[in-house]
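Read off the chains here:
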Amino acid sequence: MTVRAVVAGVGHYLPDRIVPNSEFEVSLDTSDEWIRSRSGIERRHIAAPGQTTSDMAIRAARAALADAGLEPDDLDAIIVATSTADFTFPSAATMVQAELGMTKGFAFDVQAVCAGFIYALSNANALILSGQARRVLIIGAETFSKIMDWTDRSTCVLFGDGAGALILDTAEGDGTTSDRGVLSTDLNSDGRYRDILYVDGGVSTQTTGFLRMEGKEVFRHAVEKLAATATTALEKVGLTGADVDWVVPHQANIRIIAGTAKKLGLPMDRVVVTVQDHGNTSAASIPLALSVGKERGQIKRGDLVVTEAIGGGLAWGAVVLRW
Ligand SMILES: CC(C)(COP(=O)(O)OP(=O)(O)OC[C@H]1O[C@@H](n2cnc3c(N)ncnc32)[C@H](O)[C@@H]1OP(=O)(O)O)[C@@H](O)C(=O)NCCC(=O)NCCS
């Protein structure tokens with residue numbers, strides 16, 4: 001028998017306020033047509049003033065717990081993937097732990113920007129396979145609206161706020177790719193590219209800073225590296241694009257999503273796309289897409305899912321799992 005980390009539940013939360021592209025036409029030299037055609041984004045949710053990342057994370061966590069039919073004390077660990085935690089410390093994860101009323105186990109944050117959920121999922125899988133935790137709640141939650149330069153049209157139109165959560169539970173499989181659960185993971189980073197996507201502030205500058213990006217450069221790395229990491233993750237377990245039921249990509253730009261799918265040899269009707277409604281929600285984008293994809297009836301039990309992301313660092317990776 002082989003230990004597997006199997007999806008037990010999924011859920012998400014989006015703030016009430018929806019900002020359509022047309023709202024940017026008032027304050028910036030931009031247009032709905034430009035944003036739509038260059039990114040595929042039509043609208044995004046923006047957190048209310050005072051609404052924090054941990055607030056959204058808790059709501060997504062409660063939705064995932066309800067979906068799994070579990071109580072907070074059934075969990076052993078919480079990992080929050082975020083670059084926009086409420087405070088420098090404590091972690092958003094311990095804030096979620098306290099709010100859920102969970103008094104045992106452990107909680108910590110993972111910071112790998114838009115690849116954060118892939119890193120968190122991979123680490124949660126490792127905790128389960130090594131026997132250090134039996135049930136792990138993994139959350140991606142971000143308030144990127146708080147690190148936007150709202151005068152910079154090349155970045156502020158691309159991002160949104162939200163949170164998604166997924167629970168992994170320990171199960172036994174027979175060690176084949178027919179097993180449900182995480183089948184393989186592939187993580188990468190290359191700090192030489194740290195200057196093409198970063199925030200120009202932080203503790204050392206005693207400012208929060210704003211997101212800065214060389215969009216064209218990021219785009220160039222994204223398609224190539226996402227297709228490579230997804231292919232590697234599949235190859236690790238002897239699978240190819242032909243075996244995949246759903247690609248659930250990081251939702252940054254429809255042209256990156258389509259370019260990566262094409263490189264993997266997969267038609268767009270096997271890709272879960274939410275970028276039009278959410279924009280880029282960084283570490284929240286994949287759990288949001290998994291939750292929405294399940295709600296839409298796209299992702300079903302037993303489906304082979306490949307999920308991949310890239311972000312600041314650069315950091316990127318992929319996870320292959322059977323839902
Ligand atoms: C940012 C991005 C949408 C720009 O698309 P693009 O096709 O590369 O855009 P182009 O370089 O052809 O056009 C840039 C021009 O549009 C202008 N522009 C930028 N933002 C604009 C906006 N919101 N509205 C109108 N014009 C805009 C620029 O000023 C530039 O003008 P110039 O040529 O006169 O200097 C694209 O590069 C991208 O998505 N990159 C990846 C970003 C990303 O996903 N990052 C997160 C990864 S986690």
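Participant: Give a description of the sheet that holds strand 8 (residues 181–189) that names residues and reports values.
Facilitator: Think of a sheet as strands paired side by side through backbone hydrogen bonds, with each pair either parallel or antiparallel. Spatial ordering of the open sheet is given by 8-13-12-11, a layout of four strands whose pairing is mixed. Only two strands of the sheet have a single partner each, and these edge strands are strand 8 and strand 11 (246–249). Strand-to-strand twist across the sheet, computed as the mean angle between neighbouring axes with direction ignored, equals 15 degrees. One ladder, built from eight bridges, connects strand 8 with strand 13 (residues 315–322); its direction is antiparallel. Residue pairing across strands places Asp-186 opposite Ala-318, the latter belonging to strand 13. Along the sheet, helix 5 (residues 116–129) makes contact with strand 8, strand 12 (304–311) and strand 13, crossing strand 8 at roughly 130 degrees.

Participant: Outline the site of the ligand, supporting the account with residue identities and numerical values.
Facilitator: Within the structure, the ligand sits among 22 residues, and Thr-30, Arg-38, Arg-153, Lys-216 and Asn-253 are positioned closest to it. At a separation of 2.6 Å, an oxygen atom of the ligand approaches a polar side-chain atom of Lys-216. For the ligand, an oxygen atom lies 2.6 Å from a polar atom in the side chain of Asn-253. Contact with the protein chains hides 73% of the accessible area of the ligand, taken as 970 Å² for the molecule alone. Using a 2 Å cut-off from the grid points, one finds that the ligand occupies the second largest pocket. The set of elements that each furnish at least two residues to the shell around the ligand consists of helix 2 (32–39), helix 6 (153–156), helix 7 (215–236), helix 8 (254–263) and strand 12. Broken down by element, the shell around the ligand gets its largest block of residues, four residues, from helix 7. Each of domain 1 (2–173) and domain 2 (181–322) gives at least three residues to the shell around the ligand.

Participant: An account of the packing of aromatic side chains is requested, with residue identities and associated values reported.
Facilitator: Going through the model one piece at a time under the given rule, you end up with three aromatic pairs. Positioned above the aromatic ring of Trp-316, the side-chain terminus of Lys-225 is 5.2 Å from the ring centre.

Participant: Requested: an account of the layout of surface pockets, with residues and values cited.
Facilitator: In this structure, the largest pocket occupies an estimated 880 Å³ of space. Residue assignment for the lining of the largest pocket shows that the elements contributing at least two residues are strand 5 (106–110) and strand 9 (197–199). It is strand 9 that provides the largest number of residues to the lining of the largest pocket, a total of three residues. Here the lining of the largest pocket is composed, by residue class, of 12 nonpolar, 16 polar and three charged. Both domains that meet at the lining of the largest pocket, namely domain 1 (2–173) and domain 2 (181–322), each give it at least three residues. Estimates place the volume of the second largest pocket at around 700 Å³. Sorting the residues of the lining of the second largest pocket by element identifies helix 2, helix 6, helix 7, helix 8 and strand 12 as the ones contributing at least two each. Per-element accounting of the lining of the second largest pocket gives the leading share, six residues, to helix 7. Of the residues that constitute the lining of the second largest pocket, the class distribution is 15 nonpolar, 10 polar and six charged.

The rules behind these values
- Residues numbered from 1 in each chain as written.
- Predicted model: local features only at pLDDT ≥ 70, side-chain atom pairs only at ≥ 80, totals over all residues.
- Heavy atoms only, no water.
- Pairing = 2+ DSSP bridges.
- Helix = DSSP H or I, 4+ residues; strand = E, 2+ residues; numbered from the N terminus.
- Axes fitted to C-alpha atoms, helices over the stretch in contact; angles between N-to-C directions.
- Contact = heavy atoms within 4.5 Å.
- Near = heavy atom within 4 Å.
- Polar contact = N/O pair within 3.5 Å; in protein donor to acceptor, adjacent residues only side chain to side chain.
- Areas by Shrake-Rupley, 256 points an atom, 1.4 Å probe, with all protein chains shown as cover.
- 1 Å grid on protein atoms, 1.4 Å probe; cavity = no way out; pocket = protein on both sides within 12 Å on 5 of 7 lines; lining within 4 Å.
- Sits in = over half its atoms within 2 Å of the grid points.
- Domains from an automatic or database assignment.
- Phe/Tyr/Trp six-rings, centres within 6.5 Å; stacked < 30°, edge-to-face > 60°.
- Lys NZ or Arg CZ within 6 Å of the ring centre and 35° of its normal.
- Points joined across faces, edges and corners; volume = space filled by probe spheres on them.
- Nonpolar A, V, L, I, M, F, W, Y, C, P; charged D, E, K, R; others polar.

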